[in-house]
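Observations on the model geometry
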Amino acid sequence: MTLDYATLDALRTHHPAWRLLRSDHAPLVASFLQRVFVAPNVRVMAAADLAEALEDELYALRLHVGESAFPKPALEYLNDWAAPDKGWLRKFYSPGTDEAQFDLTPATEKAIAWLAQLSERQFVGTESRLLTLFDLLKQMSEGSEADPAKRIAELHKKRDDIDAEIARVLSGDVPLLDDTAVKDRFQQFMQGARELLTDFREVEHNFRQLDRRVRERIALWEGSKGALLEDIMGERDAIADSDQGKSFRAFWDFLLSSRRQEELTELLDRVLALPAVAGLNPDTRTRRVHYDWMEAGEHAQRTVAALSQQLRRFLDDQAWLENRRIMDILHGIESKALALRDAPPPGNVMEMAESCADIELAMERPLFTPAIKPVIVDLALQTGDDDIDPSALFDQVVVDKARIARHIRQALQDRAQINLSELVANQPLQQGLAELVAYLQLGSEAFSTVVDEDTPEPIRWQAVATDGQTITRSARLPRVIFTR
């Protein structure tokens, strides 16, 4: 894009990011949306929850700058920010619900990211960027080399360098990065991680625009179904085969690998434990940044799934035949309404019958039927002779499902899956078989589980016999795996 006067003037007028920076409420909008959406990596928030958070923010600001600073209610501000003339939020309704949802637009996230770069940095690293650029040039040069001899020569050179480094380490010469180099590379990693989350929102926005265009074509299409499918699938393939689509697919395949996830988790734990990195006070979400990437990628995948679902509905012949007559009637109404808009005829155009009340006659109502009064025999209760301990009535086993659910969530914080036997080993069963059944019930109701029928797994716990001795009980069941 050329930064000439006409282009910049158009951006200043129409681009939502520039409009946000020019707004009188820019400090409120940027700070609130950064705290609610960007910092915790929240992709979608209900209107009621977002309005409540903004109301708390406005209350604190009114105490600080005066009651007249922000006079409107929170929900009115949110609707104003989502209006077409602002475009800082996206307001939509999820399928199956009538509650509005809000999401951050890519333009707003770009503006917030630019504002975050205005503050002075205590440490500006340049070495890691230079090395990154150098490695990228080498990858492009080596990856585009078609001569096998040159490729083999480059591989031999790499092997010689690795052998030389192995020899230096074996001789006791172990080169280590100093604290400055570690800080430089960690800041470069954090900047790339934040930019990656920002890119995901823009990728999702592009797929959503494609989905909107497809829905508009299906609603207004009057030709054959084959021509429409060819047009839609051609555009869908163009998106998937574009540079952005290929890059996103390669990234998603890389991140879905369980081996890569474990490797990323191990590397993050090792790096965050370094004294130089700990001195920078990194964000607590850094340890699970790869899970934030996966969550952001899932939103883009759901948008693609919505596009596929729309195509499946269109391919349903029965639905097409049933809706064709309705669409013809609606198109006829629309065309007639447009024709009457410029030259309305005199008098009444259309008459509709008024609604009428349902009349229920008095003689149609059933007669009153008195309630039957039970006859209670007046008998005196006699005290029995047997000496029964009443404490047995109160000796009930109550399993604390909330404690078990917290135990499962804590176990899944730092790993993608865990077996039921591992959960029981980490926190032994205190109430025996009843607690084991509670684990299985939570696995089918509150968590995602996978049952491996081919692998039996014994579960053991300690119990107290009637004579007071401790015995070991066990149960054999298929392996149950709790997943994130």
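Preceding block: the structure.
Residues numbered from 1 in each chain as written. Predicted model: local features only at pLDDT ≥ 70, side-chain atom pairs only at ≥ 80, totals over all residues. Heavy atoms only, no water.

1. Digging into the nonpolar core
Among the nonpolar cores identified, the biggest contains 28 residues, and Leu 33, Phe 37, Leu 50, Leu 54, Leu 78, Trp 81 and Leu 89 are the most heavily contacted of them. By residue number, the principal contributor to this core is helix 3 (residues 26-38), which donates 7 residues. When residues no more than four places from it in sequence are discounted, the contact partners of Leu 33 are Val 38, Trp 88, Leu 89, Leu 104, Thr 108 and Ile 112. By size, the runner-up hydrophobic cluster in this structure holds 23 residues, among which are Ala 405, Ile 459, Val 480 and Phe 482. (Core = buried A, V, L, I, M, F, W, Y, C linked by side-chain atoms within 4.5 Å. Buried < 20%, exposed > 50% of the residue type's maximum accessible area, 1.4 Å probe, protein only. Helix = DSSP H or I, 4+ residues; strand = E, 2+ residues; numbered from the N terminus. Contact = heavy atoms within 4.5 Å.)

2. So, the environment of Trp 293
Within the fold, Trp 293 resides in helix 14 (residues 289-315). Trp 293 sits in the buried class, given a relative accessible area of 10%. Separated by 99 residues in the primary sequence, Trp 293 and Arg 194 place their C-alpha atoms 9.7 Å from one another.

3. Re the side chain of Glu 435
With respect to the helices and strands, the residue Glu 435 is situated in helix 18 (residues 433-445). With residues up to four places along the chain from it excluded, the contact list for Glu 435 reads Val 399, Arg 403, Ile 404, Pro 428, Leu 429 and Gln 430.

4. Some details on the side chain of Gln 101
Here Gln 101 lies in strand 3 (residues 100-104). Not counting chain neighbours up to four residues away, the residues in contact with Gln 101 comprise Val 44, Met 45, Ala 46, Arg 90, Lys 91, Phe 92 and Ser 94.

5. Observations regarding the sheet that holds strand 3
Strands sit in the order 1-3-2 across an open sheet of 3 strands; the sheet is antiparallel. The open sheet has two free edges, formed respectively by strand 1 (45-46) and strand 2 (89-93), since each of these has just one partner strand. Here 2 bridges tie strand 1 to strand 3, and the two strands are oriented antiparallel to one another. The residue of strand 3 that forms the bridge with Met 45 is Phe 102. (Pairing = 2+ DSSP bridges.)

6. Concerning the pairing of strand 2
With 5 bridges joining them, strand 2 and strand 3 adopt antiparallel strand pairing. Directly across from Lys 91, in strand 3, lies its bridge partner Phe 102. The antiparallel pairing of strand 2 with strand 3 creates a hairpin that spans 6 residues between the two strands, and Gly 96 there sits at a positive phi of about 85 degrees.

7. Regarding the environment of Asp 452
Within the secondary structure, Asp 452 sits in strand 5 (residues 448-464). For the pair formed by Asp 452 and Val 480, sequence separation is 28 residues and the distance between their alpha carbons is 6.5 Å. Residues within four places of Asp 452 in sequence aside, it is in contact with Pro 478 and Arg 479. A polar side-chain atom of Asp 452 sits 2.8 Å from a polar atom in the side chain of Thr 455. (Polar contact = N/O pair within 3.5 Å; in protein donor to acceptor, adjacent residues only side chain to side chain.)

8. A few points about a nonpolar patch on the surface
Taken together, the side chains of Leu 21, Trp 114, Leu 115 and Leu 118 present a nonpolar region at the surface, about 380 Å² in accessible area. Counting through the fold element by element, Leu 21 comes out in helix 2 (residues 16-22). (Patch = residues over 30% accessible without salt bridge, like charges linked within 9 Å, V, L, I, M, F, W, Y side chains within 5 Å. Areas by Shrake-Rupley, 256 points an atom, 1.4 Å probe, with all protein chains shown as cover. Salt bridge = Lys/Arg side-chain N within 4 Å of Asp/Glu carboxyl O.)

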